[in-house]
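A look at the structure
These are the residues of each chain, in order.
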Amino acid sequence: MEQAQQGSTPTTTVSDRTGGEEELARGPGALTGSGSRSVQSRRLPPRHPPRRPFSSTPLLSFLKASERAALFLSLRFGFPSLPLHTSLSSRPSVSLPPPLPPCAPLFMREEGPWGPPPPPAPAPPSARLSLSLVVLLLLAGPSSCWCCQGREGGAEVARMGLAGDGSADTAQHLSNSENGRFSYGVASSPGKRASMEDFYEARIDDVDGEKVGMFGVYDGHGGVRAAEYVKQHLFSNLIKHPKFITDTKAAIAETYNQTDSEFLKADSSQTRDAGSTASTAIIVGDRLLVANVGDSRAVICKGGQAIAVSRDHKPDQTDERQRIEDAGGFVMWAGTWRVGGVLAVSRAFGDKLLKQYVVADPEIKEEVVDSSLEFLILASDGLWDVVTNEEAVAMVKPIQDPQEAANKLLEEASRRGSSDNITVVIVRFLDGTTGDKSGEDKETTNDQNS
């Protein structure tokens, strides 16, 4: 049998199943006597498939979107704020492994010509952090964030008790009276919330020979740090103010801002933002001064009528919205009207990331303590969300014991399905019209007023 001449023989290429190739040689002597065809074949080395060029455009778009999401989360949940990533404007350099030689066997495609392939390059730090923020948010589960139309809870465990710290799972209360001038009671409960962020304070102090009553309700958000700090320092700073007796209004306004500045300084190392409302009542002589920041509320019963002596500071109020926008901020709807789409109150202690717009300037109102002033109700929005001013006054009016009245309001708010922490402080003025006051109490009151 003659061999096919090389160089002048036409060839046909056929791919085999293993990815190799066969070259079929056919020539004049390729046919045998029986009519069969003699085939000479040799296996060619496999061709390396062309590599697809790397494109970083989808990665850049994802990272930039993640940066914007991280900036929003930093404002709402207190994660470290991230500046917009500027180094992503140029494509990241990606080193590809050298191409395999054409004669490389198949097993080298999986491990590379010189051992296992190098590990993939790590993602940029900003991408890792942005993804971590999203993962943490998902793992946190339901929380009192804007999407749940509530306040943000914290990882901290709130403490509440007779002086604002103690057991968080039972309603705590106290009552007292001072020289027959007033008596008070307090009731507080976490309600349906898993954490307790409400604090309160009720104290009697002797300032320059004058008996002073001070009462406050502090509703925290983003954890308990701000509310706890305000409870511990606000009244202590106030009685140290040199104008506390002579110009009480000015002293209250300056003390509010002083305490806010001190908290921001003390809380500067924290990455999670925290804030608190404050509704306070100061009794000095025959004067009642009510100061408010946020959406806790003070209501008095005077002449048998319910009168709000504080205003809820909400971002959708015309003057509050104008003040925020003049400062460079904005108000948007996110379940309710919110500053920057984050915070549902327009004034508060703390909230350092929004401090330019969320101020701690109190609104102060003064009332004369006379026979027409019956009692005062200070409460967090856990009460006012489900009970109107008139309903609260009507429930308290027939109850002479302020502690019993505070318990009544707390129970009623819980019965009506309040979803927030509930704190109620009631101060009953013994000079007021109480209906069933004993003759001895009246005589004592008249002696004090003479």
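In this text the structure is predicted, and so the values were computed from the model without any measurement.

1. Description of the environment of glutamate 367
Note that glutamate 367 resides in strand β16 (residues 363–368). In this structure the C-alpha to C-alpha distance between glutamate 367 and aspartate 286, which are 81 residues apart in sequence, comes to 8.6 Å. Sequence-distant contacts of glutamate 367, defined by excluding residues within four places in its chain, comprise Asp286, Arg287, Leu288, Ile300, Lys302 and Val309. Of the polar contacts made by the side chain of glutamate 367, one reaches the side chain of lysine 302; its length is 3.0 Å.

2. Things to note about the packing of helix α4 (residues 225–239) against helix α5 (residues 248–266)
Two elements in contact, α4 and α5, have axes whose closest approach is 9 Å; the angle formed by their N-to-C orientations is 135°. On the basis of the axis angle, α4 is oblique to α5. Here α4 runs over α5; the crossing is right-handed. Contacts between α4 and α5 involve Arg225, Ala226, Tyr229, His233, Leu234, Asn237 and Leu238 from the first element and Ala251, Ile252, Thr255, Tyr256, Gln258, Thr259, Glu262, Phe263 and Ala266 from the second. Among the residues forming the contact of α4 with α5, the class breakdown is nine nonpolar, five polar and two charged.

3. Section: the pattern of salt bridges
One pass over the structure, following the stated rule, counts 19 salt bridges. Note that arginine 193 is salt-bridged to aspartate 420, the shortest N-O span being 3.6 Å. Of this pair, arginine 193 sits in the loop between β5 (182–189) and β6 (198–207) while aspartate 420 sits in the loop between α9 (402–415) and β18 (422–429); the two residues are 227 residues apart in sequence, bridging distant segments of the chain. Classification of arginine 193 as partly exposed rests on a relative accessible area of 21%. Looking at aspartate 420, the relative accessible area reads 5%, which means it is buried. Between glutamate 320 and arginine 347 there is a salt bridge; the shortest N-O distance is 2.9 Å. Separated by 27 residues along the polypeptide, glutamate 320 in helix α6 (residues 318–326) and arginine 347 in the loop between β14 (337–339) and β15 (349–350) bring together distant segments of the chain. This pair shows no difference in class: glutamate 320 is buried, exactly as arginine 347 is. Each of Arg311, Asp319, Glu320, Arg323, Arg347 and Glu363 takes part in salt bridges that share partners, so that together they form one network.

4. What to know about helix α8 (residues 389–396)
The α-helix advances 3.6 residues per turn, and as a result positions three or four apart in sequence lie on the same side. Taken together, the buried positions of α8 are Asn389, Ala392, Val393, Met395 and Val396. The buried residues of α8 occupy an angular sector of 165° when projected down its axis, which confines them to one face. With respect to the buried face of α8, the exposed residues turned more than 90 degrees away are Glu390 and Ala394. Close packing links the buried residues of α8 with β11 (297–302), β12 (305–308), β17 (373–379), α7 (381–384), α9 and β18.

5. Some points on the packing of α8 against α9
Two elements in contact, α8 and α9, have axes whose closest approach is 9 Å; the angle formed by their N-to-C orientations is 135°. One way to sum up the angle between α8 and α9 is to call them oblique. Crossing angle aside, the handedness with which α8 passes α9 is right-handed. Residues Ala392, Met395 and Val396 of α8 touch α9, and the partners they reach there are Ala405, Lys408, Leu409 and Glu412.

6. Description of α5
Between its terminal C-alpha atoms α5 stretches 26 Å, which fits the 27 Å expected from 19 residues at 1.5 Å a residue. Within the sequence span of α5, burial applies to Thr248, Ala251, Ile252, Thr255, Tyr256, Thr259, Asp260 and Phe263. Each buried residue of α5 lies within a common arc of 160° when the element is viewed along its axis, so the set occupies one face. Taken together, the buried residues of α5 touch α4, β9 (278–284), β10 (287–293), β15 and β16.

Rules used in this analysis
- Residues numbered from 1 in each chain as written.
- Predicted model: local features only at pLDDT ≥ 70, side-chain atom pairs only at ≥ 80, totals over all residues.
- Heavy atoms only, no water.
- Helix = DSSP H or I, 4+ residues; strand = E, 2+ residues; numbered from the N terminus.
- Contact = heavy atoms within 4.5 Å.
- Polar contact = N/O pair within 3.5 Å; in protein donor to acceptor, adjacent residues only side chain to side chain.
- Axes fitted to C-alpha atoms, helices over the stretch in contact; angles between N-to-C directions.
- Parallel < 35°, antiparallel > 145°, perpendicular 65-115°, else oblique.
- Left-handed = near helix turned anticlockwise from the far one by under 90°.
- Nonpolar A, V, L, I, M, F, W, Y, C, P; charged D, E, K, R; others polar.
- Salt bridge = Lys/Arg side-chain N within 4 Å of Asp/Glu carboxyl O.
- Buried < 20%, exposed > 50% of the residue type's maximum accessible area, 1.4 Å probe, protein only.
- Arc of directions from axis to C-beta.
- Expected span 1.5 Å × (residues − 1).

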